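# Chains, contacts and geometry: an overview
So the chains spell out like this:
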Amino acid sequence: MQFFRKQFPILLAFAMGMTMFIREFVPAKIATDLYEGFTKWAIVIVGFSAVFAILSLLHHHVNRVRRKVPGYGYSMVTIIAFIQMLLLGLIFSVRPGTPVGWEYWWLFVPMQATMFATLAFFIASAAFRAFRARTWEALALLIAGLLVMIGRVPIGEFISPYLSDFAGWIMNNPNMAGLRGVVLGVALAQIAISVRIIFGIERTYMGGGD
Amino acid sequence: MENEAKRNFLELFLLLDRRIIYTLVALAVAIPLIWPIGLPIRITPEVQSVFDKIENLPEGSNIMMSADFDPASQPELYPMMKAVMRHIARKKHKLAITVLWPNGPNLVAQCIEEVKEEYPNWRSGDDFVFLGYQVGGTIVIIGVGNSFVETFPKDYYGNATSTMPVIKNFNRLGQADYMIMFEAGNSGDWWIVYGTEVHDVEVGGGVTAVVAPQYYPYLQAKQLNGIIGGLKGAAEYEMLMEHPDMAVAAMDSQSMVHALLFVAIVLANIFAFALAIQKRNAARREK
């Protein structure tokens with residue numbers, strides 16, 4: 001059993017990782033077939049992972065209700081909402097005109113809209129209180145933020161077309177340069193972590209640290 | 001005494017009750033909606049590129065669309081999706097639509113219905129296929145790179161995709177002449193990495209204002225041919241279509257809220273600075 005818990009996943013990750021890596025350099029039909037086959041497997045596996053995610057969510061909330069932890073009422077709402085949505089979806093499908101469609105348009109959409117509309121008010125209040133130029137770096141950030149904020153809407157263009165041009169320059173140059181650094185850093189980290197997983201150095205994906 | 005009163009005013013302003021700010025924001029949103037100002041909307045090159053690409057493709061070209069957002073981003077992305085979908089229907093291009101977010105398909109279905117009211121001859125199966133949602137993210141993108149039919153055996157409405165006329169010449173991402181993706185998160189990165197770059201498909205992005213900055217590196221690297229950014233981008237597209245709609249109507253409100261925030265932040269900083277100087281002078285006098 002120890003083999004299936006520890007060594008087997010590492011061997012599997014190594015075999016699959018190396019196969020997909022080598023496949024990239026093999027211009028043969030078998031390589032394409034392999035790729036397409038693995039893609040179909042992956043869709044099935046991801047489907048299963050969604051089922052596990054649902055079970056995990058239910059397990060978490062059922063435990064909260066069973067132990068009556070503070071705020072367990074919210075967990076009850078989650079469970080009831082989940083079960084009724086699941087049943088209605090299975091019985092009537094999820095298309096417009098069905099009960100699930102009704103719940104989507106008349107419960108889910110207004111609730112999300114309300115939440116995000118409220119956010120605009122909080123952001124306004126928070127920006128007024130917290131967006132202060134206490135250092136030179138904060139001042140640079142403040143000026144850039146204000147110019148982009150006003151330059152990206154029609155009133156900025158109405159005040160001066162240069163405002164809009166300058167906002168565009170900020171987006172296309174300093175912003176892009178910074179983000180390009182972030183993107184490259186993330187890509188290199190992804191390569192590094194992939195190599196570590198393929199060679200069994202990184203094992204946290206199996207759970208419980210290494 | 002005068003200094004005391006001034007300091008009190010500065011402090012009072014900086015401690016402004018949040019309910020007053022909320023009221024001002026509400027007024028800045030509501031008043032221009034009731035009495036529109038009609039501020040001019042200038043077309044940016046990023047939006048023009050997307051429009052030109054769809055406009056200049058020969059009639060009947062294949063266009064892939066991915067609507068990766070949910071109701072939280074609906075105010076920004078729905079108007080631009082509708083404007084682009086309307087453009088595609090007007091140009092009689094073939095369209096395949098996928099959704100990578102589970103709460104997105106109903107929005108697309110609603111948008112299709114609204115466009116169909118304007119273009120009654122625009123038919124599912126003949127002119128477009130709405131593939132719907134499939135769990136998997138990047139895996140779905142790889143899947144549609146291989147085959148729409150195998151990844152989505154049935155469309156959103158439950159019809160078999162394999163028998164649809166639109167699928168005959170448009171069954172995988174590589175057969176698309178252009179792709180447009182509407183993104184509220186980072187699924188756009190996945191489309192570029194696993195989809196459009198692999199299959200050499202030109203792509204444009206319709207994104208929320210919050211995530212727009214993260215897509216600019218792709219624009220300069222020409223991995224995106226254009227960006228429709230936020231509600232303003234949607235308004236620009238509606239203007240290009242000469243069909244002002246929801247986004248154009250909301251532009252004045254957005255402008256007023258941005259102007260209000262601009263003034264509030266600038267005043268708060270000036271007052272905070274003045275208060276700090278007053279406090280420093282007072283401390284010196286006490287010494």
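Residues numbered from 1 in each chain as written. Chains lettered and ligands numbered in written order. Predicted model: local features only at pLDDT ≥ 70, side-chain atom pairs only at ≥ 80, totals over all residues.

### Details of the sheet that holds strand β6 (residues 227-229) of chain B
Residue and element names in this part refer to chain B. Basically, it comes down to this: Think of it this way: DSSP has to see at least two bridges between two strands before they count as a pair. Only runs of H or I of at least four residues qualify as helices and only runs of E of at least two qualify as strands under DSSP, and these elements are numbered from the N terminus. All axes are obtained by fitting lines to C-alpha atoms, using only the stretch in contact for helices, and the reported angles, taken between N-to-C directions, cover 0 to 180 degrees. We call two residues in contact whenever the C-beta atoms placed from their backbones are within 7 Å.
In space, the six strands of this open sheet follow the order β3-β2-β1-β4-β5-β6, with parallel pairing throughout. Each of the sheet's edge strands pairs with one partner strand only, and the pair in question is β3 (128-133) and β6. The sheet shows a mean angle of 10° between the axes of neighbouring strands, direction not considered. In this sheet, strand β2 (residues 94-99) lies alongside strand β1 (residues 62-68) in parallel orientation, the contact comprising five bridges. Within β2, the residue paired with I63 across the bridge is L95. In the packing of helix α5 (residues 105-118) onto the sheet, contacts are made with β1, β2 and β3, and the angle to β3 comes to roughly 160°.

### Things to note about the environment of Y237 of chain B
Residues and elements named next belong to chain B. Residue position: Y237 is located in helix α11 (residues 230-240). Here the alpha-carbon distance between Y237 and I270, two residues 33 residues apart in the chain, equals 38 Å. Apart from residues no more than four positions distant in its own chain, Y237 is found in contact with V47, F51, M80, A83, V84 and I228.

### Observations regarding helix α10 (residues 212-220) of chain B
Just so we agree on the cut-off: Comment: burial labels come from other C-beta atoms within 10 Å of the residue's own C-beta, placed from the backbone, where a count of 20 or more is buried, 12 or fewer is exposed, and between is partly exposed.
Those residues of α10 of chain B not exposed but buried are A212, Y215, Y216, P217, Y218 and L219 of chain B. The inward-facing, buried residues of α10 of chain B contact α7 (161-198) of chain A together with α3 (45-56), α9 (187-199), β5 (203-207), β6 and α11 of chain B. Once α10 of chain B ends, the next one or two residues include K222 of chain B, with phi positive near 60°.

### Things to note about the environment of L12 of chain A
The residue L12 of chain A is located in helix α1 (residues 2-23) in this model. Judged by the 10 C-beta atoms lying within 10 Å of it, L12 of chain A is exposed.

### Concerning the interface of chain A and chain B
So the rule is basically this: For this classification, the nonpolar set comprises Ala, Val, Leu, Ile, Met, Phe, Trp, Tyr, Cys and Pro, the charged set comprises Asp, Glu, Lys and Arg, and every other residue, Gly included, is treated as polar.
Across the boundary between the two partners, chain A contributes 42 residues, which contact 39 residues of chain B. Elements with a contribution of two residues or more to the side of chain A that touches chain B: α2 (29-67), α4 (99-130), α5 (136-151), α6 (154-159) and α7 of chain A. With 13 residues, α4 of chain A is the single largest residue contributor to the side of chain A that touches chain B. For the side of chain A that touches chain B, the per-class residue count stands at 28 nonpolar, eight polar and six charged.

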